[in-house]
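# Structural overview for review
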Amino acid sequence: MRRPLVMGNWKLNGSKAMVTELLNGLNAELKGVEGVDVAVAPPVMYLAQAEQLLADSAIKLGAQNVDTHNSGAFTGDISAEMLKDFGATHIIIGHSERREYHQESDEFVAQKFAFLKENGLTPVLCIGESEAQNEAGETLAVCARQLDAVIQSQGVEALNDAVIAYEPIWAIGTGKAATAQQAQDIHAEIRKHIASYSEGVASKVVIQYGGSVKAGNAAELFAMPDIDGALVGGAALDAEGFAAIAKAAADAKKA
């Protein structure tokens, strides 16, 4: 049985006061909730504050990016060792915003994936298509290409103890969302593609959905057999709303 993961990607949002309020709220809202893993990925300068606030919590700490070096003359970058030093475990890579705004290639994302695994951290690998690619019927080809950059360089077993986040770019922050059935169909195809390399790996790997996930559509999404939680953007900045999404994931696995 795959254990769902609901992870909040705070993106470029936060302040000391906001981090305190949000994490205290999440700690209260999620106390005693079982059957789902919950993680948050604040901006890196708030990791120390978040680590302290989550010290007695089951909520896992994540981050939004990583470099491919652990030290050296790489101004502005963040190493895996630094993230581990602050207790971060789940690291987002390959997000469409990094791919688009920072021209991160499939191959570079695959290098980050390998580096995280080497350092004992959990990669949260984002894949997904643009609106134009979706309309052209290229969704599965794009997702397969992004996955294959990892699988063909590192072997399919590299996906063990990793997380895949399917995020249709056209649904991120737009208010648009795939229907639960549409999302399920793509998740099933992603799992089928991985199964073409290894059925065992495919059956175990957690595949999240990301793309305007809210409390109102979470339960329907999580009821689908191949959707294992969510990577949440805007809704992750509200403690009550984000907690409702996590609770929906826990309830879906009980059903």
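Residues numbered from 1 in each chain as written. Predicted model: local features only at pLDDT ≥ 70, side-chain atom pairs only at ≥ 80, totals over all residues. Heavy atoms only, no water.

## Points about the nonpolar core
- With 73 residues, the main nonpolar core has Leu 26, Ile 194 and Phe 222 as its most contacted residues.
- Ranked by the residues each element gives to this core, the list is headed by helix α11 (residues 239-254), at eight residues.
- Ignoring sequence-local partners within four residues, the contact set of Leu 26 consists of Val 40, Ile 59, Ala 239, Phe 242 and Ala 243. (Core = buried A, V, L, I, M, F, W, Y, C linked by side-chain atoms within 4.5 Å. Buried < 20%, exposed > 50% of the residue type's maximum accessible area, 1.4 Å probe, protein only. Helix = DSSP H or I, 4+ residues; strand = E, 2+ residues; numbered from the N terminus. Contact = heavy atoms within 4.5 Å.)

## Some details on the packing of aromatic side chains
- Tallying each qualifying case throughout the model produces one aromatic pair.
- Plain terms: the ring middles of Tyr 166 and Tyr 209 are 6.2 Å apart, the flat faces sit at 45 degrees to each other, and that makes the pair tilted. Taken together, the positions of Tyr 166 in strand β6 (residues 163-166) and Tyr 209 in strand β7 (residues 206-209) put the pair 43 residues apart, joining distant regions of the chain.
- Classification of Tyr 166 by relative accessible area gives buried; the value is 2%.
- With a relative accessible area of 1%, Tyr 209 lands in the buried category. (Phe/Tyr/Trp six-rings, centres within 6.5 Å; stacked < 30°, edge-to-face > 60°.)

## Brief notes about the pairing of strand β8 (residues 229-232)
- What you see with β8 is no split at all: Gly 229 and Leu 231 on one side and Ala 230 and Val 232 on the other are buried throughout.
- The pairing of strand β1 (residues 5-9) with β8 spans four bridges and is classified as parallel. Bridging from a neighbouring strand, Met 7 pairs with Leu 231 of β8. (Pairing = 2+ DSSP bridges.)

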